[in-house]
Amino acid sequence: AFRGSAYALADQEDRLWRLVRRKYLQGNYVTQLEWLSHGWLDDRTAYLRIRAMAAFSLYERAGPLEELPRLDAAMERIVEDVAEAERLVIDLRYNSGGEDLLARRIAEYFTDQPRHAYSKAARVGDEHSDPVRFRIEPAGEKVFKRPIVVLVNGATVSAAEIFLLCMEALPHVRFVGESSAGAYSDMLGKRLPNGWTFWLSNEVYFNHQGQVYEGRGQPPDIEAPLTREDLETGRDVALETAMALED
């Protein structure tokens, strides 16, 4: 794997996306709300790229509840367009996060029944609060419930990792790539007497089985790291690994 500054990560993301479009996507693809792109990898396999878990609204300062209608409209089109696919690859690499609510909502288009997704507890002094449980429910009558492979790397972070927690609870989902960033907690803001503001990571997230991935990230089911050499020679090993998997 290779990482670096925000500029370097943006360059890596751009190069990878150009490679996927040039070499792997067949025919036209559709981009909605800037962050969601979908198309086909072959006759059996659909592809969905999710770049962020926010900014789906036309309004710059919209909150997550205001974002939901546009996100739902986009996801309904995606599910309809890929309905005939035998499997789906979701590319979550370089997803910088956003809103937990929106991450859960996207995951709800891939479950056909209510499921416990994860829990979280906040630091209170030397103790933690009682965990709060979160679950996902089907977004509607039309959801995608065939095999799904999620591509992950070390720049999959924050609310994107909440999406991973939700997807991990589904029996038809596997992860390919690298461990995610391991930065799950919301930020607790504090102000110093001199007016400076700082933020703390004060929460612990538990997956549906009670495991904690903070600091180490969501582990992949199959390791397929992205290297500079592969990118320079025009190979996306993680995507190729996902496409070669038996359902």
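Residues numbered from 1 in each chain as written. Predicted model: local features only at pLDDT ≥ 70, side-chain atom pairs only at ≥ 80, totals over all residues. Heavy atoms only, no water.

1. Here's the deal with helix α3 (residues 100-107)
Every α-helix carries 3.6 residues per turn, so stepping three or four residues along brings you back to the same face.
Next, step 1: Judged by how many residues are buried, α3 sits mostly within the fold: seven of eight residues are covered.
Next, step 2: Where α3 is concerned, the buried positions are Asp100, Leu102, Ala103, Arg104, Arg105, Ile106 and Ala107. (Buried < 20%, exposed > 50% of the residue type's maximum accessible area, 1.4 Å probe, protein only. Helix = DSSP H or I, 4+ residues; strand = E, 2+ residues; numbered from the N terminus.)

2. Focus on the sheet that holds strand β1 (residues 26-32)
Next, step 1: Across the sheet, seven strands lie side by side as β1-β2-β3-β4-β8-β9-β13; this open sheet has mixed pairing. The open sheet has two free edges, formed respectively by β1 and β13 (222-223), since each of these has just one partner strand.
Next, step 2: Taken together, the five bridges between strand β8 (residues 148-152) and strand β9 (residues 173-177) define a ladder with parallel strand orientation. In the strand pairing of β9, Ile148 is matched with Val173. (Pairing = 2+ DSSP bridges.)

3. Re the pattern of salt bridges
Next, step 1: The full count for this structure, using the stated rule, is 14 salt bridges.
Next, step 2: One salt bridge connects Arg93 with Asp91, and the closest N-O pair in it is separated by 2.8 Å.
Next, step 3: Across the pair Glu240 and Arg235 runs a salt bridge, and its minimum N-O distance is 2.8 Å.
Next, step 4: Taken together, the shared-partner salt bridges connect Glu13, Arg49 and Arg51 into one network. (Salt bridge = Lys/Arg side-chain N within 4 Å of Asp/Glu carboxyl O.)

4. Details of empty space enclosed by the protein
Next, step 1: Within this structure, the stated rule accounts for two cavities of 30 Å³ or more.
Next, step 2: For the second largest cavity, the calculated volume is near 50 Å³.
Next, step 3: Lining the second largest cavity, in full, are Glu13, Leu16, Trp17, Tyr47, Arg49, Asp91, Arg93 and Tyr94.
Next, step 4: Of all the secondary structure elements, the ones that give two or more residues to the lining of the second largest cavity are α1 (6-24) and β3 (45-50).
Next, step 5: Looking at the lining of the second largest cavity element by element, the count peaks at three residues for α1. (1 Å grid on protein atoms, 1.4 Å probe; cavity = no way out; pocket = protein on both sides within 12 Å on 5 of 7 lines; lining within 4 Å. Points joined across faces, edges and corners; volume = space filled by probe spheres on them.)

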